[in-house]
Amino acid sequence: MEALNLVLFIVEAIAYFMLMVTLLHFRHRLGLGVFLTALGVMHFMETYLAAVFYVSLPFGDVSPGSSVFFSGKLMMILMLYLWEDAATVRQPIYGLFLGNLLTVGIAWVLQMHQPLQLSSNHTPDVDFLKEMGWLMIWGTALLYVDSLGIILLYEKLGDFFRKRVVLRFMISGFALLTFDQVGFFAALHYFLDVPIAVFWGGWKAKMLSVCLYGAMFAIYEYRIRRLGADAAARSISDVFGDLTFRERYNDLLERTGRDMLTGVYDRTRMELEAPLMLREALRLGLSATVLIIDADHFKDVNDGYGHLQGDAVLKSIAARLGTTLRSSDRIFRFGGEEFVAVCPGTNHEEGLLLAERLRWTIATSVKTPDGSPVTVSIGVATADEDGTSFTTVLSAADGRLYAAKKSGRNCVVGRSGVVKLD
């Protein structure tokens, strides 16, 4: 019987992971709400099973509600954070917290009723409802702490294991589920007098769950999400979408956040997308380089030839940037005559070569009305050598742009100084 229960335990973990990761994988098509709803509706059942439903495994008595479903929920919250961002993952954390508090509040109100006994075989157990209410409160508080803690620990482990995503994923799960087991078992022991032996069985089951989820996460991350996404065939729904009006929506979405003059993305779009681009590159173990490009003596162009000619120069610079950078790079107008290019998968040396090519292209092809060359100065910084956040890397690039201006303009400055000076 123990062997059969163990097999069922593993099947339940695999089924839970496959269902939830499928909803997470197709979140951009189905909507994130489907994943979040599926994540949230499990909480009452998790708590109920943890209170009353236990099975015997080779290493102890275990509740699938706590060991499979709650453990899976916590690891899914971490996966959502890895694939989206902190602003997105706040939604399930606070949504689950508030929803569970509402459930507890309603349960307390229900206890004030005098329920009818319609069948002798189904008697309302108000005392159990009260105990469940307290467990829900305690479990909700633990879930909130667990969710924040697993994300913070994962990020902290990046200081030691930057490129070992799966290892960080599993260590974070081991640590926070151990913490959760201590906290939740204390409530089970207090309210329901659950024996101490259940603690060790539950802890071992949670560690086994982390191993299972970690292994499936690794398979998905390296075999499906990273390697197989680009090779996947287009679905019929995609083809249907192209034949209808969806392309108009996509075109409108693409034009949102564009600079009206140059056509490149604007600063607001940069503040939204650039941090995600750096974060994703670092998560995949890649570098990401940021360039700040500033047109030299641009005020003289406006003063000497008028603002319409100045606008034409800015359009020409933006056009050269667009044709020189890769399709995976993003160009943003930072303000005035300044542009920012974000280049994921580009290390510092490659970024310097790219910046020098941009500088040379503009100097040899963009002219003022009297035929004088327009030049640019460029500051270059790279994550994670110059920092891991976009703000930090952008600040480093801005400091090097200032150094390029002081060095006579029309040059590129990186970590080691001026790359070229004409």
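Conventions we followed
- Residues numbered from 1 in each chain as written.
- Predicted model: local features only at pLDDT ≥ 70, side-chain atom pairs only at ≥ 80, totals over all residues.
- Heavy atoms only, no water.
- Helix = DSSP H or I, 4+ residues; strand = E, 2+ residues; numbered from the N terminus.
- Contact = heavy atoms within 4.5 Å.
- Salt bridge = Lys/Arg side-chain N within 4 Å of Asp/Glu carboxyl O.
- Buried < 20%, exposed > 50% of the residue type's maximum accessible area, 1.4 Å probe, protein only.
- Axes fitted to C-alpha atoms, helices over the stretch in contact; angles between N-to-C directions.
- Parallel < 35°, antiparallel > 145°, perpendicular 65-115°, else oblique.
- Nonpolar A, V, L, I, M, F, W, Y, C, P; charged D, E, K, R; others polar.
- Phe/Tyr/Trp six-rings, centres within 6.5 Å; stacked < 30°, edge-to-face > 60°.
- Lys NZ or Arg CZ within 6 Å of the ring centre and 35° of its normal.

**Student:** Give a description of the overall build of the chain that names residues and reports values.
**Tutor:** Broken down by element type, the chain carries 16 helices and eight strands. Taking the intrachain contacts of the chain between residues at least 6 apart in sequence as the baseline, contacts between residues at least 24 apart amount to 71%.

**Student:** Summarise the pattern of salt bridges; cite the residues concerned and give the values.
**Tutor:** Inspection of every chain in the model, using the stated rule, returns 14 salt bridges. Put simply, Asp-259 and Arg-333 hold a salt bridge, and the shortest N to O gap is 3.3 Å. Note that Asp-259 is positioned in the loop between helix H11 (246-255) and helix H12 (267-283) and Arg-333 in strand S4 (residues 330-335), a separation of 74 residues in sequence. The pair Asp-259 / Arg-333 is uniform in exposure class, with both members buried. Across the salt bridge formed by Glu-273 and Arg-269, the nearest N and O atoms sit 2.4 Å from each other. Taken as a pair, Glu-273 and Arg-269 lie in helix H12 at a separation of four residues, close to a single helical turn. For the pair formed by Glu-273 and Arg-269, the shared burial category is buried. Residues participating in the shared-partner salt-bridge network are Arg-269, Glu-273 and Arg-330.

**Student:** Which residues make up the packing of H12 against helix H16 (residues 390-406), and what values go with them?
**Tutor:** In contact at an axis separation of 9 Å, H12 and H16 are set at 100° when each is read in the N-to-C sense. What the angle tells us is that H12 and H16 run roughly perpendicular. Counted together, Met-270, Ala-274, Pro-275 and Leu-278 of H12 and Phe-390, Val-393 and Leu-394 of H16 form the full contact between these two elements. A per-class count over the contact of H12 with H16 returns seven nonpolar, no polar and no charged.

**Student:** Can you break down the packing of aromatic side chains residue by residue, with the values?
**Tutor:** The final tally for this structure, using the stated rule, is eight aromatic pairs. On the basis of an interplanar angle of 80° and a centroid distance of 4.9 Å, the ring pair of Phe-199 and Trp-200 is categorised as edge-to-face. With 6.3 Å between their ring centres and 85° between their planes, Trp-200 and Trp-203 make a pair best called edge-to-face. Highlighted residues: Trp-200 and Trp-203, both in helix H9 (residues 197-225), separated by three residues, approximately one helical turn. Each member of the aromatic cluster is reached from another via a ring pair, and the members are Tyr-16, Phe-17, Phe-69 and Tyr-213. Across the ring face of Tyr-154, the terminal group of Arg-168 is positioned such that the distance to the ring centre comes to 4.0 Å. Here the basic side chain of Arg-258 rests over the ring of Tyr-265, its NZ or CZ set 3.9 Å away from the ring centre.

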